[in-house]
Amino acid sequence: MSTSTSTSTNPNPIPGSPSEIPYTIPLPEGIPKGHTTHTESTTTIFLPKAGAFLNPVQHYNRDMSVAVIRAWNELRKEELEAKFRKKLAKNGGVSKKQAKKLKQDGTPVDEQSSLPDGAEEVQVKDEQPVAGPSTERKFRAPSINILEALAATGLRSIRYAKEIPNVKYVLANDLSPSACEAMRRNVTFNGVGESSLPPRKPWQPPVKEDGTSATVENGEGEVKEESTSTDVKRELEETAEVKDGLEPKDKVGRRPGCRGRVKINEGDACAFMYSHRSPVGPTSRVDVVDLDPYGTAAPFIDAAIGSISDGGLLAITCTDLAVLAGQQYPEKCYSNYGGVNVHAEYTHEAALRLVLHSLATCAARYGRYITPLLSFSIDFYVRLFVRINTGPEQVKRLSSNTGVVYTCNFCETSVIQPFGRIVERETAKGVVRESFKTHAGPTAKNGSNCEECGGTMHLGGPLWLGPIQDPEFAKRVMKDISTQEKEYKTFPRMLGMLSLAAQELPDPFFFTANRVAKCLHMSSMPLNKILSALLNGGYKISRSHAQAGAVKTDAPRSFIFDIMREEAKTTPIRIDKIAEGSPARKLISKPMTHTIDFTPHPDASLERTGKETFYQINPLPNWGPAPRAKSIQVAVPPTTEKRKVDEVDEVKVDSKRSKIEDNGFGNDVILPQTQEDVIALKVEKEMNEEEMMNLQ
């Protein structure tokens, strides 16, 4: 919620002043002129009244991102600890070097072992020396770094630093100098800048009798400070506060275990991510990359995948659904994502699969592969959370998870054509070996005419054919947010979307009862009756998150049409109302090939069971994507005469220009949000110079 506030020099705080905004550090200059404040969770930022891009509708997107990264971080810790325990058990509880040394002379040696993926070892001294190793080896997961390539106001980066534990740095990048200046102000205001935080206080070893602890390196280039457990307890008591059942927060609103700091970089997003492609070094790979551009994320995909460490997370948003899921611009869809959009009611699921295909093929070029965790088609955009790993063997499986789809333009029956297949053979010794083969293509008949109705088949893809959700990970996120319900304002919708993802079948595409009934000129059947028939036929069912009323099943399309034909026996179809030569006549007259049983099934209900919201209705008038940031005018030394200038209006997609009066000021200053805005700024400057020459 945005609230307007005013600057005050009075030492006594007034309502709305920075000193009264919770979880913030008052700025010496107060609230900048022409700004309002916007608050999400415990983060409050200054927002210019003109020239900045922030869409409050994306509050749900940011809430979900925080929850998913928190859950992924816990999963990553468990995986690293399992590797650590496995290596430790293999060497009898000591490292290879220690085992070798002990074998030679039988004396303990304090050495760190080689831990998986940067995990750290913590040594605890025993009070009494005993025979054998003198240290107890414990696992400590390394901290993570998050990179937001297109940070704009910095709201998302600040929330990551405050709400995700175990974060060391959030690297917030933007190309716009004015956006970076706004970010610096917001980061300082929220107390998460490099200079605004006290030194990090990581894990402390047990306290000695004199009340001090030994100085120990924490593995991150920092030295642990000497302190007592009493000091730590006193600090928590001073900084923590509990309100209305929420988690304890410190004075700037950080959740427990959150000590992240925000670093701001001004520059090109791709160049910044490419600088983090090295596995080691000062600009080594980061653990999480968040891409949330205005429009397509296609130009940033290659750089993002290369900058993520193994097991890391890529969170990506694309808001160009008119290209991805529309019935137009197939050429633009192909140029951006390497595939053609699908013309059917399940086009939004196909949009997700087009983006996943683009990610998978890009990663495969570098011997890397993707594992989709969560994929959502939400409102006016798609949002995907994907893990990135290196593995040549897994890359070989890409062809069997990629293919094209033929879709009937009348009944929307789909024929999926993978590019490859995996053949398993068992050797004489009982070892199962895999070989990768090409896949047989469809017959000419299948490729040109629909087998169900005879309609024309249209080609879509290539796209990702594998699973788009990880049900176990979705349940993990649900469990995590359910214990912190009050931390997320959009909790009901988050719970609903995750519930759908946890149950969603991996089979591509879905159907709706209304669309199937329309093909046969019938009234729509009750959904529970259709679901009972599918379950009685031995098939699986689930909802789809992409559309209300959508049903996913592993049943063939012919079975679904047989359900309608069986229903037509009791509710006859007016065949005389259907035009001659219509594909509907062929659908109705086609003989049934399955036995249909409408007996009510106990698992046929897919209704919600709690407070979750499955499909949100637009909450506000004109609700949807926010316009791109506009150009603004600022006061500069006046010229000798008044003149009119052209201002670039990024809101109008037709690139029309509107005339404005500059009231004696010569130049415009734009707050660009993307690289396209910088180009627009240069064009505008050239036009102003040309117009000035004409006036002279």
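So, how was this worked out
- Residues numbered from 1 in each chain as written.
- Predicted model: local features only at pLDDT ≥ 70, side-chain atom pairs only at ≥ 80, totals over all residues.
- Heavy atoms only, no water.
- Pairing = 2+ DSSP bridges.
- Helix = DSSP H or I, 4+ residues; strand = E, 2+ residues; numbered from the N terminus.
- Buried < 20%, exposed > 50% of the residue type's maximum accessible area, 1.4 Å probe, protein only.
- Axes fitted to C-alpha atoms, helices over the stretch in contact; angles between N-to-C directions.
- Expected span 1.5 Å × (residues − 1).
- Arc of directions from axis to C-beta.
- Contact = heavy atoms within 4.5 Å.
- Phe/Tyr/Trp six-rings, centres within 6.5 Å; stacked < 30°, edge-to-face > 60°.
- Lys NZ or Arg CZ within 6 Å of the ring centre and 35° of its normal.
- Left-handed = near helix turned anticlockwise from the far one by under 90°.
- Nonpolar A, V, L, I, M, F, W, Y, C, P; charged D, E, K, R; others polar.
- Polar contact = N/O pair within 3.5 Å; in protein donor to acceptor, adjacent residues only side chain to side chain.

### A few points about the pairing of strand β14 (residues 414–418)
Argument step 1. Where strand β13 (residues 402–408) meets β14, five bridges bridge the pair, whose relative direction is antiparallel. Pairing of Thr407 across the sheet is with Ser414, part of β14.
Argument step 2. Connecting the antiparallel pair β13 and β14 is a turn made up of five residues, with Glu412 showing a positive phi of about 65°.

### Describing the pairing of strand β12 (residues 381–390)
Argument step 1. With nine of its 10 residues buried, β12 lies for the most part within the structure.
Argument step 2. Direction of pairing for strand β10 (residues 308–318) relative to β12: antiparallel, over a ladder of seven bridges. Paired with Thr317 across the bridge in β12 is Arg383.
Argument step 3. Connecting strand β11 (residues 368–378) to the next strand, β12, in antiparallel fashion are two residues, including Asp379 with a positive phi near 50°.

### Details of the sheet that holds strand β17 (residues 457–464)
Argument step 1. Taken in spatial order, the three strands of this open sheet run β14-β13-β17, and their pairing is antiparallel. Edge positions in the open sheet fall to β14 and β17, since each of these has one partner strand only. Here the strands of the sheet are splayed against their neighbours by 25° on average, with no regard to which way each runs.
Argument step 2. In the sheet, β13 pairs with β17 via six bridges, with the strands oriented antiparallel. When the sheet's bridge partners are listed, Val405 is paired in β17 with Gly460.

### Some points on helix α13 (residues 471–482)
An α-helical turn contains 3.6 residues, so a residue and the one three or four places further along point in the same direction.
Argument step 1. Taking 1.5 Å as the rise per residue, α13 with 12 residues should run 16 Å; its terminal C-alpha atoms sit 16 Å apart, in good agreement.
Argument step 2. Buried residues of α13: Phe473, Ala474, Val477, Met478, Asp480 and Ile481, and no others. For α13, the buried positions fall inside an angular range of 165° around the axis, keeping them on one side. Exposed side of α13, more than 90 degrees from the buried face: Glu472 and Lys479 are the residues found there.
Argument step 3. Those residues of α13 that are buried are in contact with α1 (59–90), β11 and α14 (491–503).

### Digging into the packing of aromatic side chains
Argument step 1. Taken as a whole, this structure holds six aromatic pairs when the rule is applied.
Argument step 2. Taking the centre distance of 6.3 Å and the plane angle of 80° together, the rings of Tyr346 and Phe510 count as edge-to-face. Placement of Tyr346 in the loop between α9 (330–337) and α10 (347–364) and of Phe510 in the loop between α14 and β18 (511–512) is noted, with a sequence separation of 164 residues between them.
Argument step 3. Assessed through its relative accessible area of 1%, Tyr346 is described here as buried.
Argument step 4. Relative to Tyr381, the ring of Phe380 has its centre 5.1 Å away and its plane inclined at 65°; by these criteria the two rings are edge-to-face.
Argument step 5. The structure contains a cluster of three or more aromatic residues connected by ring pairs, namely Tyr346, Phe509 and Phe510.
Argument step 6. The ring of Tyr169 carries Lys263 above its face, with NZ or CZ at 4.1 Å from the centroid.
Argument step 7. One residue, Arg493, lies across the ring of Tyr60, its end atom 4.5 Å from the ring centre.

### Examining unusual backbone geometry
Argument step 1. In this structure, Pro462 follows Gly461 across a cis peptide bond, with omega equal to 5°.
Argument step 2. Position of Pro462 relative to the elements: it lies in strand β17.
Argument step 3. Within the chain, Ala152 stands out as a residue other than glycine whose phi angle is a positive 55°.
Argument step 4. Of note, Ala152 is situated in the loop between β6 (144–148) and α3 (155–163).
Argument step 5. Despite not being glycine, Tyr329 has its phi angle at roughly 55°, a positive value.
Argument step 6. Following the sequence through the fold, Tyr329 ends up in the loop between α8 (321–324) and α9.
Argument step 7. A relative accessible area of 41% means that Tyr329 is categorised as partly exposed.

### Re the packing of α1 against α14
Argument step 1. One can describe the packing of α1 onto α14 by two numbers: an axis separation of 10 Å at closest approach and a directional angle of 60°. As for the relative orientation of α1 and α14, their crossing is right-handed in sense. Side by side, α1 and α14 meet where Tyr60, Asp63, Met64 and Ala67 of the first sit next to Arg493, Met494, Met497 and Leu498 of the second.
Argument step 2. Grouping the amino acids of the contact of α1 with α14 by side-chain chemistry returns six nonpolar, no polar and two charged.

### Side note on the side chain of Ser542
Argument step 1. Its location among the elements puts Ser542 in strand β19 (residues 541–543).
Argument step 2. Reaching out from Ser542, the side chain makes a polar contact with the backbone nitrogen of Leu505 at a distance of 3.1 Å.
Argument step 3. Excluding residues that lie within four positions of it along the chain, Ser542 makes contacts with Gln503, Glu504, Leu505, Ala550, Val551, Lys552 and Leu606.

### Comments concerning the sheet that holds strand β8 (residues 261–266)
Argument step 1. Ordered by their spatial adjacency, seven strands build an open sheet running β8-β7-β6-β9-β10-β12-β11, and the pairing between neighbours is mixed. With one partner strand each, in any of the chains shown, β8 and β11 form the two edges of the open sheet. Geometrically, the sheet is characterised by an average inter-axis angle of 15° between neighbouring strands, direction not taken into account.
Argument step 2. Across five bridges, β6 lies against strand β7 (residues 167–174) in parallel orientation. In the strand pairing of β7, Leu147 is matched with Leu171.
Argument step 3. Against the sheet, α10 makes contact with β10, β11 and β12, and its axis sits at roughly 160° relative to β11, the strand it touches most.

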